[in-house]
Structures are given as structure tokens and as C-alpha cells.
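Understanding the architecture of this molecule
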Amino acid sequence: MTYERMKSWYPLVFLAVLALALFAAPAAAQATGPRVVQPGDTIEVGSEPLVLDLINLRNADTFNPVTELRQYRDDDPTKQIVQVIGVPNDAYFTISARTISGKYGRYFAFSDKDGLIERNNIIFAPAPTATVTQPETAATATEIPAETPPATTTTAPTQAPLPGLIVIAAIGICGLLAAAQKR
């Protein structure tokens, strides 16, 4: 009798764990993978780390990996090096504002085997920060505009609806199996 009761709970526990895993899937789906970087691209770098794929910055003739990104004074490779960022893996390179250390600008690809790849460079720019706007008070909003006010846009949440539907379906299946087990 005890064995049969324990056996009937296994599918329900399994489906409950599956439902919880599917519920957590949207958060994990936001990190989709490395961003492929092309020569001349401008990448906005903020406090959140970015994962970049720098393979397209390689020398097209030899295809040797990029080992460093170098910034030169006045964006001139014949002048002094201002900053060097080591690239341990050019297919999966993580960068953030901390890595840049406030030295945004043009960076040239460098390979230990090929040297400076002058035509393959990218620009790191600071990511725009969100500005907080103060709501207008009734005292300052006495003016009536002659023109139609500009349309305000609202941004929708970036969560995909499909994982939520999967979770609801999994919970429904759990309920059906539980009802079937009681019969």
C-alpha cells in the first residue's frame, strides 16, 4: 500500500519540477550569446558585461586569433599606445565599463602572430544612462498647448509569451495527472 502511494506521487513531483524549470526559462533566455562584431562597429559599453565575438576582426589571410585590442593616441597607430585590453578568447570575449576604465574610443585589433591589424578596428562608446524625469506638478502645467501633444510611447516587456504558456500547460497537465491518479 505504501509503495503504490509513493509511486503515484512521482509523476506529479516530476511535472512540478518541470513547471518550475520552465518558469525560470525566460530569465535564462535573455542571455542569448555573443554579439558578433564587424570591423568599424560601435559598441556601447555599460556596467553590465557584454560578450563579444571578435572573429571577424582577424586577419582574413591568416585567420590568426586576435590577442589584444589596442587604443592609440589620436587614433593613430604610429603614435603611443594609450590602453591595451587582453583578449584570451576572441570568439567569446567579455567586456564592461570596468574593463574599458573610462578610455572609450577606437581600438585596433592586434594578433601575436600577425601584429597590428590596422584596418580592423572597433569603437567603444559609453552606454547611455537612463535619466529620471520629474513629473510635472499641477501648478506648472497651466499652459494649454496650441498643437496636439506628442504621442507617448510605452515599451512592452521583453519577455517572450511562449515560456509562460508552457508553464501554464505543464501545471494543467499536473492537475490532470493528479485527478487521474485519484480515480
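A few words now on the pattern of salt bridges. Under the defined criterion, the tally for this structure stands at four salt bridges. The salt bridge partner of Lys79 is Asp74, with a shortest N-O separation of 2.9 Å. Since its relative accessible area comes to 39%, Lys79 is described here as partly exposed. Judged by its relative accessible area of 60%, Asp74 falls in the exposed class. The shortest N-O distance in the salt bridge between Arg106 and Asp75 comes to 3.9 Å. A residue pair is termed long-range when its members are at least 10 positions apart, and Arg106 in strand β7 (residues 105–111) and Asp75 in the loop between β4 (68–72) and β5 (81–86) qualify at 31 residues.

Counting 18 residues, the largest nonpolar core has Leu52, Leu54, Leu69, Phe93, Ile122 and Phe124 as its most contacted members. A total of three residues in this core trace back to one element, the largest contributor, which is strand β8 (residues 115–126). The contacts of Leu52, once residues within four sequence positions are left out, are Pro34, Arg35, Val37, Ile43, Asp90, Ala91, Tyr92, Phe93, Ile95 and Phe124.

A few words on the sheet that holds strand β1 (residues 35–36). Within the open sheet, the three strands sit side by side as β1-β3-β6. Their pairing is mixed. The sheet is open, and its two edges are formed by β1 and β6 (93–95), each paired on a single side. The pairing of β1 with strand β3 (residues 50–53) spans two bridges and is parallel. Looking at the pairing, Val36 lines up with Asp53 of β3.

Moving on, we come to the pairing of β8. As judged from the four bridges shared by strand β2 (residues 42–45) and β8, these two strands associate in the parallel manner. Looking at the pairing, Ile43 lines up with Phe124 of β8. Counting the residues that bridge the hairpin from β7 to β8 gives three residues.

Criteria and cut-off values
Residues numbered from 1 in each chain as written. Predicted model: local features only at pLDDT ≥ 70, side-chain atom pairs only at ≥ 80, totals over all residues. Heavy atoms only, no water. Salt bridge = Lys/Arg side-chain N within 4 Å of Asp/Glu carboxyl O. Buried < 20%, exposed > 50% of the residue type's maximum accessible area, 1.4 Å probe, protein only. Helix = DSSP H or I, 4+ residues; strand = E, 2+ residues; numbered from the N terminus. Core = buried A, V, L, I, M, F, W, Y, C linked by side-chain atoms within 4.5 Å. Contact = heavy atoms within 4.5 Å. Pairing = 2+ DSSP bridges.

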